[in-house]
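# Structural characterization, general
Here's the letter readout for the chains.
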Amino acid sequence: MALEEGARSCLLRFRHNLEQDIQPSHLMDHMIADGVMTVDEEDRITAQRTRKDRAVTLLELLLRKDNYAYTSFYNALVKEGYDDLANLLHDNLPDVHKNPSDGSTSYVQTVLSEGGVPQRPVVFVSRPELVNRVREKLYRLQKEAGWVTVFGMAGSGKSVLAAEAVRHHELIEECFPGGVHWLSIGQLDKPDLLVKIQLLCFRLEQSLDSQSLHRTPSSLDEAKERLRFLMLRRYPRSLLILDDIWDSTVLKAFDIHCRILLTTRNRSLTDSVSGAKYEVEVESGLDENKALEILALYTKTKPKALPEEARSIVRECKGSPLVVSLIGALLKEKPNRWHYYLGQLQQKQFKRIRKSSSYDYDALDQAMAASIEVLPDEHQELYKDLTVIEKDIKVPAKVLSVLWDLEPEEVEDILEEFANKSLLFVDSHNKPYLYYLHDLQLDFLVEQNRTELESLHTKVVRQYQQHYRDGPPTSGDEECLYWIRFLPYHMAKANLSQELYSLMFSLDWVNIKAQIMGPAHLINDYVEYGPILDKENSEVRSQFQEFLSLNGHQLEQRPFPDVVQLALSQPCTSEVYRQALQQAQDRASTGKLYFDWLNKSSVESLSRLVIHPQQGSIYSACFSHDGAKIASCGASKTLKVFKSTSGEKLMEIPAHDDEVLCCAFSPDDHLLATCSSDRKVKVWNVERAMLLRVFEEEHEEQVNHCQFTNTTRRLLLVTCSNDKYLNVKVWNLNKPSSQNTLFGHFEPVNHCCFSPDDSYVSTSSNDGTVKLFQVSSANMWKTINVRNMFAESDEEVLVKCSTWTADSKRIICAARNAVLVFDVDTSDMLLEIRTSRLSMVQYCHACPTSNLLAIAFSNYAVELWDLEANKKMADCSGHLSWVQRVQFSPDGSQLLSCSDDQTVRLWETKRVHTSKAIHLKRDSDVLFNDEDIIVSAADNCNRLQVRNGRTGSVLFQSEEKSSRIRCTCMCRQPSVVALGQEDGTVQVLEVPSGKLLATLLGHTKTVLHCQFSHNGQILITSSEDTTIRLWRWQSGVCKVLQGHKEQVRCFCLLSNSPANTRLLSWSFDGTVKVWDIESGEKLQDIEAHRGAVLSCHVSPDGCFLATTSADKTAKLWQCESWQCVHTLSGHQGCVRSCRFSWDSLRLATGDDNGEIRLWSVKDGSLLKICSREGKDGMDSLHGGWVTDLHFSPDNSLLVSTGGYIKWWDVEKGEALQTFYPKGSTLKRIHVSSSFSTFVTIDSIGILYVLQRVV
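Residues numbered from 1 in each chain as written. Predicted model: local features only at pLDDT ≥ 70, side-chain atom pairs only at ≥ 80, totals over all residues. Heavy atoms only, no water.

## Let's talk about the pairing of strand β16 (residues 671-676)
- Of all six residues in β16, six are buried, a share of seventy percent or more.
- Side chains of β16 alternate between two faces, with Leu671, Ala673 and Cys675 and Leu672, Thr674 and Ser676 buried alike.
- Bridge count between strand β15 (residues 660-665) and β16: five bridges; the pairing is antiparallel. Looking at the pairing, Val660 lines up with Ser676 of β16.
- Linkage of β15 to β16, two consecutive antiparallel strands, is achieved through a turn of five residues, within which Asp669 is found at a positive phi near 65 degrees.
- The sheet contact formed by β16 and strand β17 (residues 681-685) spans five bridges and is antiparallel. (Buried < 20%, exposed > 50% of the residue type's maximum accessible area, 1.4 Å probe, protein only. Helix = DSSP H or I, 4+ residues; strand = E, 2+ residues; numbered from the N terminus. Pairing = 2+ DSSP bridges.)

In structure tokens, the structure reads:
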């Protein structure tokens, strides 16, 4: 049927308007659903390069199609919001009912009505894809007899589909010219079946001449023969449709070698009959748009005008055609009962959703029950057990094998029977197969067995306990995953509180579940079953939950960390620590290594949850408006959504072709917008993880930020970019191009956001200004010149972001190292918060419910300020790299921060506070005195502290120094401590009195290292000024060792013997020098490496010297001849550290990729590379550079520092244990002579005194 001339000329007349505006991809979805366009045609259009080319190709195709395509195109324009364009086409809409495209001519209507085929229901929505699949199977019956089975669960629309499939002129003419005969069967006994066939025979004979009328057949066999005769001789090319067949014995009565289409819930029925067989499975649910269309037709409303309850009804019944039609018919009579019927569905009141159509059952529950009643009694009991399965969960047969105590093969046979009867669905993409119930089936079971739910769940738990007496499954297969995930659920539902306590308060269970499923599921369990667990012990529940919340990012590491070692860092009062210590002591007796953090009580953690959502920097994270979800995006090019309570991942999408710079929820949380360096803006459906819109042609540079309006009153999206002029755009999602461009900035715009009432958009730019635009007119309202607030500096002022206070009266901007608060009406600056010049403000966000402001810094810190009091309220420390974004939850109770350290942290705003904790600098010295551990280090206030490492008590604290302290060292006898400063000053102080004994002036630049001689009389210092100085510090006499051309970062005494007076120094100039400290004479000058020398070590036997360098090599030197005996090549990064074993037979070297190599000193051969396969999230084997190495006295163990501390088996090169500090980048580790105590300081200033558990 060609396109009517009026419609054709209308398309040609308005072709230009259509090509300019339409977005073909959105329209084609509807046209394919209507069956007027093929997927191949869509591919041909999509292959065009630009949007306009795609629009041109679509219209060319449309001109070659029929009236139906025109109507479908018109409807698509309406659905997609192109009302103005649809109006242009409206007057020329063809009357498609004159000659329906499905071939339903008067001839077809006559044939179908004579054959008793039901008419279309009053409310009908086409399912073209399924109809075409059935027709394609029916065409196969053209040349031979056979069976086409249309099967699916109750209420899936099988009968309507069968009737619709034969409503087709060509199909009847070519395949079934003898007619189509419909027979409704249902659940019948033999006498009823006989009556049905008698009536069919009578109907067929009546259509012939009167001589053909015979006596009514009196038995089934006679009836079968009469029907065979009629179908083969009198109606040789006709189709018999058997609707709603239940029993194979019934089907055998129709095994007469004719053409049959049957509808059933049991796909295996045709196994009992002969002939060619074809089948079509009917999905249990319509897609959302089709289901909404049915509701709209019943209620005589447009789909877009339906209330929100309509979507909820469709979601609740998973689009079941039966349920949607039943409820639609009820709403037709009572259109104000949307909320009521949704409630009935949610409360599983199926009896209330009663007959309102020609359906065979009075209510939904009867339709469900009918399917189950045909099962044998023992199978009905087994089916009842499925009541305990959670919605949308697929279960392997092995789980039911445990539950039913049957062999897996027997279980599979039973499940196949259930599936054949459409009582169960099979996911055959998985091996082994997985089985699941439709939500309606599950709801029906729960309603039927409401009084037995507790005992059914108890049965699950008891069967599990009997089968897994020796401990939980750990195989990681589907069965194991089911038990590990749902065992707590079944215990809670069974009200087995004691079993739930024992399980959830066990570190063993935490270990197994975290390893198999990750920490988020575990945290979820503690949140979900918290009320039950709290009845036993709320403190223990919170201890386990806190342990997982703060260590979750570690538990996502691969290789999986040792949970017992992680738990040893918990407070000593915690049940988690108590269990960990017990297990550590038990395992230590078998040689396993564990380390207890002795001084952990001095550290307080303020985060509520730490999440590691993706690899690479996280540039943006945001709360949903209901506070339940968090979205994050960043360098990994993906968008992730997870629960804000536990970090459980809900969605992950490869979102863009380049880094994703921002993500934002719509005010109803249904949509997420993302923008990227790939210059595209995308909008996603959150629930379906589906792309809805791409805006790719207007921004020509990276898009930095995106944000939706704060209310749904008029949904808009604002974006900003690095474009020179057209850098801020406002989008209406129903339009393919931007609604407005906001002109005013001529430099990149970093941030944009709506005011709380959506009246204004504020934009922050590299031009040093914040501009406010009126949303309604897109006109610029005012400019706030932030650049003028930094008049004292010539540097450019880049405004990073702006945020509005909840009352819209103040706007707050972040620029350089300051946060500035302005009055919106007057543009006057009201308040300024400045930080040190060393850290820049990255972002700020005003709390929507209070006067709090959150500020993110480049120095890894997050601070909370009270804007009214102009006072810092809290330090949120814990991030290990630049903090890129902060955001309050909508109710202001929580704050999230995301960072380049790959984590998102959540903070409770009421719990965080300003910290009084003192942070130490990493340059430290340690003395091990029997049981005492004495630590000296500078603190964050630039005071020198000497502490008892075990107790944390401060033995001595200097006053604050004017120049930064860069190094420190201690002497046992006399009891003194020395410090070197950035201005070159060296001081010696008495311990513990703090009395200043000497101030040594001479170095002209930073003092990098200091050390006392064996007798404590000489203090040796090295500096950036290239010299080493030997101070007789009590008298102030000084020798200067000159010769190095670049800074001398380190040196060491050549031997521990007081008699040996030689000193070894190394420098960035690539040389190593040997000096006599008595005379100050240079004894040896070695051109060691082409790059900077980074470390040196002398073998304990004094025979060899090892050097390592930025040139990626290490070298072994003979100490007598100072000749290089071996060059050790193979490291791929700078070789940062080295250490000889105590027997001088091995050398360990560590590089900047985190790799450690063990070498033979004798011949320079490579013995081992330590655990090469264990790369972590930082793409390093050690979380960073390997900065220090130490062997145990028996040479069997090696300890190394980098991003964390590792202990290794020297023979095997395998990691034995890892300790994860709170911070990162450890500089060095101090080890006791017994190799039992280890002391280090991390990047955020936390001191660790670790003792081996015995």
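## As for the packing of aromatic side chains
- Under the criterion given, the structure shown has 24 aromatic pairs.
- Consider the rings of Trp1207 and Phe1238, whose centres lie 5.4 Å apart with planes at 85 degrees: the pair is edge-to-face. A residue pair is termed long-range when its members are at least 10 positions apart, and Trp1207 in strand β64 (residues 1205-1209) and Phe1238 in strand β67 (residues 1237-1241) qualify at 31 residues. Neither residue differs from the other here; Trp1207 and Phe1238 are each classed as buried.
- Ring centres 5.1 Å apart and planes at 85 degrees place the aromatic pair Phe1235 and Phe1238 in the edge-to-face group.
- What makes Phe1235 buried here is its relative accessible area of 5%.
- Given a relative accessible area of 1%, Phe1238 falls into the buried group.
- An aromatic cluster of at least three residues, connected via ring pairs, comprises Tyr464, Tyr468, Tyr482, Trp483, Phe486 and Tyr489.
- For the cation-ring pair, Arg337 lies above Tyr340, with the distance from its terminal atom to the ring centre recorded as 5.5 Å. (Phe/Tyr/Trp six-rings, centres within 6.5 Å; stacked < 30°, edge-to-face > 60°. Lys NZ or Arg CZ within 6 Å of the ring centre and 35° of its normal.)

## Some points on the state of the cysteines
- One pass over the full model with this rule turns up zero disulfides.
- Cys967 takes part in no disulfide bond, and the closest cysteine sulfur to it belongs to Cys1010, at a distance of 3.7 Å.
- Since its relative accessible area comes to 4%, Cys967 is described here as buried.
- No disulfide involves Cys1103; its nearest neighbouring cysteine sulfur is the one of Cys1119, lying 7.3 Å away. (Disulfide = S-S within 2.5 Å.)

## A short note on the UniProt feature "repeat: WD" (unreviewed entry) in the chain
- Annotation from UniProt places "repeat: WD" (unreviewed entry) at residues 653-694, 742-783, 876-917, 1000-1031, 1041-1085, 1086-1127 and 1128-1169.
- Across residues 1000-1031 one finds 0% helix and 53% strand; the C-alpha atoms that close the span lie 8 Å apart.
- Across residues 1041-1085, the secondary structure splits into 0% helix and 44% strand, with the terminal C-alpha atoms separated by 12 Å. (UniProt positions renumbered as here; feature names shortened; annotations may be inferred.)

## Quick word on the pattern of salt bridges
- Enumeration over the complete set of coordinates arrives at 53 salt bridges.
- Close ionic contact of Lys872 with Asp875 constitutes a salt bridge, the shortest N to O distance being 2.8 Å.
- Look at Asp875 and you get buried, because its relative accessible area is 18%.
- One salt-bridge network, in which partners are shared between bridges, spans Glu288, Glu308, Arg311, Arg315, Glu687 and Arg688. (Salt bridge = Lys/Arg side-chain N within 4 Å of Asp/Glu carboxyl O.)

## A few points about the sheet that holds β64
- Strand order in this open sheet of four strands is β62-β63-β64-β65, and the pairing throughout is antiparallel. Because the sheet does not close on itself, it has two edges, and the strands there are β62 (1188-1191) and β65 (1214-1219). The mean angle between the axes of side-by-side strands here comes to 20 degrees, regardless of whether they run parallel or antiparallel.
- As paired strands, β62 and strand β63 (residues 1197-1201) are joined by four bridges and run antiparallel to one another. (Axes fitted to C-alpha atoms, helices over the stretch in contact; angles between N-to-C directions.)

## Details of helix α6 (residues 67-79)
- When the terminal C-alpha atoms of α6 are compared, their 18 Å separation across 13 residues agrees well with the 18 Å that a helix rising 1.5 Å per residue should span.
- Burial runs high along α6: ten of the 13 residues are buried.
- Here α6 has its buried residues at Asn67, Tyr68, Ala69, Tyr70, Thr71, Ser72, Phe73, Tyr74, Ala76 and Leu77.
- Measuring from the backbone nitrogen of Ala69 back to the side-chain oxygen at the start of α6 gives 3.0 Å, which picks out Asp66 as the cap.
- The positive-phi residue at the C-terminal boundary of α6 is Gly81, with phi of around 85 degrees. (Expected span 1.5 Å × (residues − 1). Polar contact = N/O pair within 3.5 Å; in protein donor to acceptor, adjacent residues only side chain to side chain.)

## Brief notes about the sheet that holds strand β14 (residues 649-654)
- Spatially, the four strands line up as an open sheet ordered β11-β12-β13-β14, and their pairing is antiparallel. Each edge of the open sheet carries a strand with a single partner, namely β11 (618-623) and β14. The average undirected angle you get between the axes of adjacent strands in this sheet is 15 degrees.
- The pairing of strand β12 (residues 629-634) with strand β13 (residues 638-643) spans five bridges and is antiparallel. Looking at the pairing, Lys629 lines up with Lys643 of β13.

## Structural notes on empty space enclosed by the protein
- Taken as a whole, this structure holds eight cavities of 30 Å³ or more when the rule is applied.
- By volume, the largest cavity is sized at about 70 Å³.
- Lining the largest cavity are 13 residues; nearest its centre among them are Met368, Ser371, Ser422, Leu423 and Gln441.
- When contributions to the lining of the largest cavity are tallied by element, the ones reaching two or more residues are α19 (364-373) and α23 (439-448).
- Space inside the second largest cavity adds up to approximately 60 Å³.
- Along its surface, the second largest cavity is lined by Pro519, Ala520, Ile523, Gly552, His553, Glu556, Leu609, Val610, Ile611, His612, Ser646 and Gly647.
- Residue assignment for the lining of the second largest cavity shows that the elements contributing at least two residues are α28 (519-528), α29 (530-555) and β10 (607-611).
- A breakdown of the residues in the lining of the second largest cavity according to their chemical character gives six nonpolar, five polar and one charged. (1 Å grid on protein atoms, 1.4 Å probe; cavity = no way out; pocket = protein on both sides within 12 Å on 5 of 7 lines; lining within 4 Å. Points joined across faces, edges and corners; volume = space filled by probe spheres on them. Nonpolar A, V, L, I, M, F, W, Y, C, P; charged D, E, K, R; others polar.)

## Let's talk about the pairing of strand β46 (residues 1007-1012)
- Burial within β46 is extensive, with five of its six residues counted as buried.
- Where β46 meets strand β47 (residues 1018-1023), five bridges bridge the pair, whose relative direction is antiparallel. Bridging across to β47, Val1007 finds its partner in Ser1023.
- Where β46 hands over to β47, the hairpin turn is made up of five residues, of which Gly1016 adopts a positive phi near 80 degrees.

## Here's the deal with helix α8 (residues 106-114)
- Residues of α8 that are buried: Val108, Val111 and Leu112. Taken around the axis of α8, the buried residues stretch over an arc of 95 degrees, which confines them to a single face. Facing away from the buried side of α8 by over 90 degrees, the exposed positions are Ser106, Ser113 and Glu114.
- Where the residues of α8 are buried, they touch α11 (169-175) and β2 (180-186).
- Backbone geometry just downstream of α8 places Gly116 in the positive-phi region, at approximately 75 degrees. (Arc of directions from axis to C-beta. Contact = heavy atoms within 4.5 Å.)

## A look at the confidence of the model for the chain
- In this model, the chain carries an average pLDDT of 88, and 95% of its residues clear a pLDDT of 70 or more.
- Taken as a whole, residues 355-362 scores under 50 in pLDDT and shows 21 contacts with residues more than four places along the chain or in a different chain.
- pLDDT under 50 marks residues 1174-1179. Its contacts with residues more than four places away, or in other chains, come to 15 contacts. (pLDDT = per-residue confidence, 0-100.)

## Remarks on the side chain of Asp1111
- One can find Asp1111 in the loop between β55 (1104-1109) and β56 (1114-1118).
- One buried charge, Asp1111, has no salt-bridge partner; the nearest side chain with opposite charge is Arg1090, at 5.3 Å.
- For Asp1111, the side chain forms a polar contact with the side chain of His1089, separated by 3.1 Å.
- Side chain to side chain, Asp1111 and Thr1113 meet in a polar contact 2.7 Å long. (Lys, Arg positive; Asp, Glu negative; His and termini not counted.)

## Section: the nonpolar core
- Leu386, Trp404, Phe418 and Leu507 are the most contacted members of the largest nonpolar core, which has 116 residues in total.
- Per-element tally for this core: the top contributor is helix α25 (residues 478-493), with nine residues.
- Ignoring anything within four residues of it in the chain, the contact list for Leu386 reads Leu400, Trp404, Phe418, Leu424, Leu437, Leu442 and Leu445. (Core = buried A, V, L, I, M, F, W, Y, C linked by side-chain atoms within 4.5 Å.)

## Digging into unusual backbone geometry
- In this model, Gln973 is joined to Pro974 through a cis peptide bond whose omega is 0 degrees.
- Examined against the element boundaries, Pro974 turns out to sit in the loop between β42 (965-971) and β43 (976-981).
- The omega angle of the peptide bond from Val991 to Pro992 is 5 degrees, so this bond is cis rather than trans.
- Note on placement: Pro992 falls in the loop between β44 (986-990) and β45 (996-1000).
- If you check the backbone angles, Asp244 has positive phi at about 65 degrees while not being a glycine.

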